[in-house]
Amino acid sequence: MNSNKIQKEAHDLILQQVADYCDQFHNKKVYEKGDRISYASRVYDKEEMVNLVDSALEFWLTAGRYTDQFERDFAKYLGVRYCSLVNSGSSANLVAFMALTSPLLKERAIKPGDEVITVAAGFPTTVAPVIQYGAIPVFVDVTIPQYNLDVDQLEAALSDKTKAVMAAHTLGNPFDLQAVKAFCEKHNLWLIEDNCDALGSKYTLNGEEKFTGTIGDIGTSSFYPPHHMTMGEGGAVYTNDPLLNKIIKSFRDWGRDCSCPSGKDNLCGHRFDRQYGELPLGYDHKYVYSHFGYNLKATDMQAAIGVAQLKKFPSFVEKRRHNFDRLKSGIWGLEDKIILPEPAPNSMPSWFGFLITCKERVERQRVVQYIEGHGVQTRMLFAGNLIKHPCFDEMRKTGDGYRVVGTLTNTDRIMNDTFWVGVYPGMTDEMIDYMAQTIIEAVNAAV
């Protein structure tokens, strides 16, 4: 028998056995009252597992055909020209920011000491690349109940050193893209949308509905297990700008100047005949570096999972919206004790979680302890107020390295009074209803 035929038959048999294994041993647990309800979890079936094993059998391991497919499919879904897969959402934010430091951007390049407007009420890796590079984060307050940057403070945050705005759409709720986009255009600033918690959210700008992450200059996503879709680890950086795309791929891939993918050489036809810097004429373009970059590629096995997840993704978004609406309806009537979340105007959020802020006579700690004690997992709004954390100790002592606009009053309130629960697509109506009843009991007991 032909060896290729034998190999294909063995390959197909393995994948069929993997599919059967997944059907028999995964996703079999049915929720029963009393089971712990986590704030997030993976939602998958045999398609993800078959893709994963298919990639493993190929044993290419690094970025390959599944990566290429995912980048194409994800860009098409979002309606953008370019997508680069990376190994995490934090890496996506790092690459997105560092792209704006490239000398290829000339006078618009961010340099050490330049300022980037952002918020302290969020996840640290939105801000970390700014600080690590030596730029200055300028923190503005956020609004409640949208939990996004207060656009009324943007002009006060502006200085002659401001080069960009970099902020997240909080738990799926878009920030005021109309105001932020107009501000950036007015002052010739870059806009990075940290879309890691908002994949699938939509915003209507000038009568056109677009996905968040695609309205600014660069968008980022995370595929960590709790997020809207997963690869285990993984992230993406996307843009419509061909120069930014070139820079993004360079920073992701060691800082190299060459754009040939792994395993391919001389696609441009000029591998050995050009001059770069002070290198000898004709130096191998595969080893010419235009940036001080990183190796932040994902593996093809991760991408294989992502290809399968993306096919299911629209249904994930719809289920998140359903769960959010059901939970909100279930705890309606507590408005005298808690603040319920509200979507931003002109938006259709793909909710990552359900934020609750306790009012003055309700103690958050008691509410959270009751909810956790009754089997429902909770989370804070990440850092709460990032500048209060130990990583800012030295900067607070010296007063250098960051700037604050105003008092961050709402940021501090979130740190003290806010928590959230999940609405991930694996939750059933029974689970949502139990969470609603538990929250009602917790709030009433804490008064």
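Here the structure is a predicted model, which is why all the values come from computation and not from measurement.

Definitions and limits used
- Residues numbered from 1 in each chain as written.
- Predicted model: local features only at pLDDT ≥ 70, side-chain atom pairs only at ≥ 80, totals over all residues.
- Heavy atoms only, no water.
- Axes fitted to C-alpha atoms, helices over the stretch in contact; angles between N-to-C directions.
- Helix = DSSP H or I, 4+ residues; strand = E, 2+ residues; numbered from the N terminus.
- Left-handed = near helix turned anticlockwise from the far one by under 90°.
- Contact = heavy atoms within 4.5 Å.
- Nonpolar A, V, L, I, M, F, W, Y, C, P; charged D, E, K, R; others polar.
- Disulfide = S-S within 2.5 Å.
- Pairing = 2+ DSSP bridges.
- Buried < 20%, exposed > 50% of the residue type's maximum accessible area, 1.4 Å probe, protein only.
- Polar contact = N/O pair within 3.5 Å; in protein donor to acceptor, adjacent residues only side chain to side chain.

Caption draft 1: Structural context of the packing of helix α9 (residues 300-330) against helix α13 (residues 429-446). It is at 9 Å that the axes of α9 and α13 come closest, and there the two elements cross at 35 degrees. Crossing handedness for the pair α9 and α13: right-handed. On α13, the residues that touch His-322, Asn-323, Arg-326, Leu-327 and Gly-330 of α9 are Asp-429, Ile-432, Asp-433, Met-435, Ala-436, Ile-439 and Ile-440. Of the residues in the contact of α9 with α13, the class split is six nonpolar, three polar and three charged.

Caption draft 2: Molecular detail of the state of the cysteines. In total, this model carries zero disulfides according to the counting rule given. Not engaged in a disulfide, the cysteine Cys-258 finds its nearest cysteine sulfur in Cys-260; these two sulfurs lie 3.6 Å apart.

Caption draft 3: Summary view of the sheet that holds strand β7 (residues 208-211). Strand order in this open sheet of three strands is β7-β6-β11, and the pairing throughout is antiparallel. Looking along the sheet, the strands with just one partner apiece sit at the ends: β7 and β11 (347-348). Of the strand pairs in this sheet, strand β6 (residues 202-205) and β11 are connected by two bridges, and their pairing is antiparallel. Paired with Tyr-203 across the bridge in β11 is Ser-347.

Caption draft 4: Broad picture of helix α8 (residues 242-252). Every buried residue of α8 is listed here: Leu-244, Asn-245, Ile-247, Ile-248, Ser-250, Phe-251 and Arg-252. Structurally, the start of α8 carries an N-cap: the backbone nitrogen of Leu-243 is 2.8 Å from a side-chain oxygen of Asp-241. The positive-phi residue at the C-terminal boundary of α8 is Trp-254, with phi of around 70 degrees.

Caption draft 5: Spatial organisation of the environment of Asp-257. By the element assignment, Asp-257 lies in the loop between α8 and α9. The spacing of Asp-257 and His-291 is 34 residues in sequence and 7.8 Å in space, taken between C-alpha atoms. In contact with Asp-257, not counting residues within four places along its chain, are Tyr-276, His-285, Val-288, Tyr-289 and Ser-290. Only 3.3 Å separates the side chain of Asp-257 from the side chain of Ser-290, close enough to count as a polar contact.

Function cannot be inferred from these measures alone, as they are strictly geometric.
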